[in-house]
Amino acid sequence: MELIQDSSRPPLVPVKGIPIIKYFAENFELLKDFQAQPDDVLISTYPKSGTTWVSEILDMIFHGGDQEKCQRAPIYIRVPFLEFNVPGVPTGLETLQETPAPRIIKTHLPLSLLPQTLLDRKTKIIYVARNAKDVVVSYFNFYKMAKVHPDPGTWEEFLETFMAGKVSYGSWYQHVLEWWELTKRHPVLYLFYEDIKKDPRKEIQKIAEFVGRPLPEDVLDQIVQKTSFKKMQENPMANYSTLPDDIMDHSICPFMRKGATGDWKNVFTVAQNERFDAHYERKMAGSELHFYNEL
Ligand code: A3P
């Protein structure tokens, strides 16, 4: 007898060896037609690293801190998700076609899958990295609520899958390292989630300067306040609550979950932490990158 699979949790599909959400993988060929525009800004992240946070910050910068303007549409419309493709919802490419310049674009792609046009056109890139332990905990919860992912299995199993780079978008280690290398030959502002938590004002100012839109003090203060975790958690235009439940089910876990640094300590066992640290040391050996696992 043929097994009927739950079509809402399809297995990942490799694209040039990188495991990707099946629906996204099906759309991949179309990315070849994407053309970067001169004033595009790209936000690149490994999933669960603060993409939505920096997207909201950047949209606010582009609109001079005017909150009403930033309420014009949900974040996934204001900041189109380049490789997004889920049946029944406009694709990232379709949304981009409707987006007036200057566009802010989001991607999680590893460099090997990034459309070359973004590199050729020297598109300004803001990369946000977050410590691996908080990422894996956030990702586990996200897999559960965002049903375009396969079933994550138990926490123990998911942790192993993450360490092996077999989650969607592949290896966290490779992602943070290769995008760091890109900073040496491309205009990339490489930020850390933990720094934004610690001093949002300073990091928001850095972002504004990088995109050539320095902010008056009062606007800067406004943006710090309006992009706090609490404000974004309550904001339907930022918290993904406008997506249908079969894409993101917030009753399983809200998208805006905790917004904390160090939450991993509530989840990792001592043995898991030791094993993770030893594996991390090997994967990151020789790297200049340093992450804060707590503040
Ligand atoms: P947690 O699951 O740890 O709460 P992404 O947007 O890349 O998918 O990242 C989502 C993570 O960023 C979630 O982490 C989410 O809560 C957190 N986040 C979103 N907005 C935030 C904010 N304003 N301040 C702090 N964390 C935020």
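In this text, all values refer to a predicted model and were calculated from it rather than measured experimentally. (Residues numbered from 1 in each chain as written. Predicted model: local features only at pLDDT ≥ 70, side-chain atom pairs only at ≥ 80, totals over all residues. Heavy atoms only, no water.)

Tallied over the full model, the rule gives 28 aromatic pairs. Considering the side-chain rings of tyrosine 240 and phenylalanine 255, the 4.3 Å spacing of their centres and the 45° angle between planes classify their relative orientation as tilted. On the criterion of sequence distance, the pair formed by tyrosine 240 in the loop between helix 12 (229-234) and helix 13 (270-283) and phenylalanine 255 in the loop between helix 12 and helix 13 is long-range, its members being 15 residues apart. The class for tyrosine 240 is buried, based on a relative accessible area of 6%. Residue phenylalanine 255 is classed as buried on the basis of its relative accessible area of 15%. Cation over ring: lysine 106 sits above phenylalanine 81, and NZ or CZ is 4.1 Å from the ring centre. The ring centre of tyrosine 193 lies 3.9 Å from the NZ or CZ of arginine 130, which sits over that ring. (Phe/Tyr/Trp six-rings, centres within 6.5 Å; stacked < 30°, edge-to-face > 60°. Helix = DSSP H or I, 4+ residues; strand = E, 2+ residues; numbered from the N terminus. Buried < 20%, exposed > 50% of the residue type's maximum accessible area, 1.4 Å probe, protein only. Lys NZ or Arg CZ within 6 Å of the ring centre and 35° of its normal.)

What follows covers the side chain of threonine 227. Relative to the assigned elements, threonine 227 resides in the loop between helix 11 (217-226) and helix 12. Taking relative accessible area as the criterion, threonine 227 reaches 2% and is therefore assigned buried. Those residues in contact with threonine 227 that lie beyond four places of it in its chain are Trp53, Glu56, Ile57, Met60, Ile204 and Met232. (Contact = heavy atoms within 4.5 Å.)

Moving on, we get to helix 2 (residues 51-62). Given a rise of 1.5 Å per residue, 12 residues ought to cover 16 Å, and the 16 Å separating the end C-alpha atoms of helix 2 matches this to within 8%. Most of helix 2 sits inside the fold, with 12 of its 12 residues counted as buried. Among all positions in helix 2, only Thr51, Thr52, Trp53, Val54, Ser55, Glu56, Ile57, Leu58, Asp59, Met60, Ile61 and Phe62 are buried. Among the residues trailing helix 2, glycine 64 stands out with phi positive, at a value near 55°. (Expected span 1.5 Å × (residues − 1).)

On to the site of the ligand. Around the ligand, the structure places 18 residues, and the nearest of them are Thr51, Thr52, Ser138, Tyr193 and Lys258. With respect to the ligand, the backbone of glycine 50 contributes an N or O atom lying 3.1 Å from an oxygen atom. A distance of 2.8 Å separates an oxygen atom of the ligand from a polar side-chain atom of arginine 257. In the complex, the protein chains occlude 98% of the 570 Å² of accessible area that the ligand would expose alone. With 3 residues, helix 2 is the largest single contributor of residues to the shell around the ligand. For the shell around the ligand, the class distribution of residues is 6 nonpolar, 8 polar and 4 charged. (Near = heavy atom within 4 Å. Polar contact = N/O pair within 3.5 Å; in protein donor to acceptor, adjacent residues only side chain to side chain. Areas by Shrake-Rupley, 256 points an atom, 1.4 Å probe, with all protein chains shown as cover. Nonpolar A, V, L, I, M, F, W, Y, C, P; charged D, E, K, R; others polar.)

With that settled, the discussion passes to the packing of helix 8 (residues 172-182) against helix 13. It is the contact of helix 8 with helix 13, at a shortest axis distance of 11 Å, that shows an interaxial angle of 35°. Where helix 8 crosses over helix 13, the two elements pack in a sense that is right-handed. Listed contacts from helix 13 to Trp172, Tyr173 and Leu177 of helix 8 are Phe276, His279, Tyr280 and Lys283. Looking at the contact of helix 8 with helix 13 residue by residue, the classes come out as 5 nonpolar, 1 polar and 1 charged. (Axes fitted to C-alpha atoms, helices over the stretch in contact; angles between N-to-C directions. Left-handed = near helix turned anticlockwise from the far one by under 90°.)

The next subject is helix 10 (residues 200-210). Residues of helix 10 that are buried: Glu203, Ile204, Ile207, Ala208 and Phe210. Take helix 10 and look down its axis: the buried residues cluster within an arc of 165°, on one side only. In the core, the buried residues of helix 10 are packed alongside helix 2, strand 5 (124-129), strand 6 (188-192), helix 9 (193-198) and helix 11. The first or second residue beyond helix 10 is glycine 212, which carries a positive phi of 70°. (Arc of directions from axis to C-beta.)

Take unusual backbone geometry next. With the exception of glycine, the majority of residues adopt a negative phi angle, and the majority of peptide bonds are in the trans configuration. For the bond from alanine 101 to proline 102, the omega torsion is -5°, close enough to zero to count as cis. Of note, proline 102 is situated in the loop between helix 4 (92-97) and strand 4 (104-107). One non-glycine residue, tyrosine 169, adopts positive backbone phi at about 80°. By the secondary structure assignment, tyrosine 169 is in the loop between helix 7 (155-163) and helix 8.

This brings us to the sheet that holds strand 3 (residues 41-45). Read across the sheet, 4 strands follow the order 4-3-5-6 without closing on themselves; strand pairing throughout is parallel. Edge positions in the sheet fall to strand 4 and strand 6, since each of these pairs with one other strand and no more. Put simply, the sheet's adjacent strands are angled 20° from each other on average, direction ignored. Note that strand 3 and strand 5 share 5 bridges and pair parallel. By the bridge assignment for strand 5, serine 44 is matched with tyrosine 127. (Pairing = 2+ DSSP bridges.)

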